Amino acid sequence: MVDCSTVMGADTFTTDLHHAGTAGMINFKMTSATPAPPARDDNTWIIELDSMASGVVGNPIAGATMTATPFMPSHQHGTPKQVVITPMSTAGQYQLAPVNMWMPGVWETTIKVTSPQTDSAVFRFCIPS
Ligand SMILES: [Cu+2]
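Numbering of residues begins from 1 in every chain and follows the order in which that chain's sequence is written. A pLDDT threshold of at least 70 governs which residues receive local features in this predicted model, and a stricter bar of 80 or more applies before side-chain atom pairs are shown or counted, although totals over entire chains, interfaces and linings include all residues.

## A word on the pairing of strand 1 (residues 17–20)
Piece 1. Direction of pairing for strand 1 relative to strand 2 (residues 26–34): antiparallel, over a ladder of four bridges. Looking at the pairing, H19 lines up with F28 of strand 2.
Piece 2. A pair of strands is treated as paired once DSSP finds two or more bridges between them. Put simply, DSSP H or I for four residues or longer makes a helix, DSSP E for two residues or longer makes a strand, and each gets a number counted from the N terminus. Hairpin geometry of strand 1 and strand 2 is characterised by an intervening segment of five residues between the two adjacent antiparallel strands and by a positive phi of about 75° at G24.

## Regarding the environment of A62
Piece 1. Structurally, A62 is set in the loop between strand 4 (56–60) and strand 5 (65–71).
Piece 2. Taking the C-alpha atoms as reference points, A62 and F13, separated by 49 residues in sequence, lie 24 Å from one another.

## Focus on the nonpolar core
Piece 1. Ranked by internal contacts, the top residues of the largest apolar core, which has 24 residues, are I26, F28, W45, I47, L49, L96 and I111.
Piece 2. Examining the composition of this core, we find that five residues originate from one element, strand 9 (residues 119–127), more than from any other.
Piece 3. Residues are defined as contacting one another if the C-beta atoms placed from their backbone atoms lie within 7 Å. Residues in contact with F28, not counting those within four places in the same chain, are H18, H19, G21, I47, L49, I111 and A121. The nonpolar core criterion groups buried Ala, Val, Leu, Ile, Met, Phe, Trp, Tyr and Cys residues into a set whenever they are joined through C-beta atoms within 7 Å. Buried, partly exposed and exposed are defined by the number of other C-beta atoms within 10 Å of a residue's own C-beta, namely 20 or more, between the two limits, and 12 or fewer respectively, with C-beta atoms placed from the backbone.

Laid out in structure tokens, this is it:
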């Protein structure tokens, strides 16, 4: 059994969940999660990338190249399903699917952007049993 109420530091899904990239170049905003909150097995996320400078969020980033990798740190394993990235009609928004979190527990999904800037952010969710 996984009791997510005892897990510290996991993200709580809201429509304004966002993380500044580790390089401070891109703001990663989760504009949609299906299901919401994220749940076991296949998830579909829409992530908006916005440029960032000195902590101030700027314009949407269209045409980005990125990968998304779910990983379970406590067990050191990932998932057999590759996350497919599809640009949305709204500039700067990308669909990530399937984000397959097949096991209860804490999952860290790293989104790594390699173009036009390099930056990455981690969305960390506790998936209940
Ligand atoms: Cu696991």
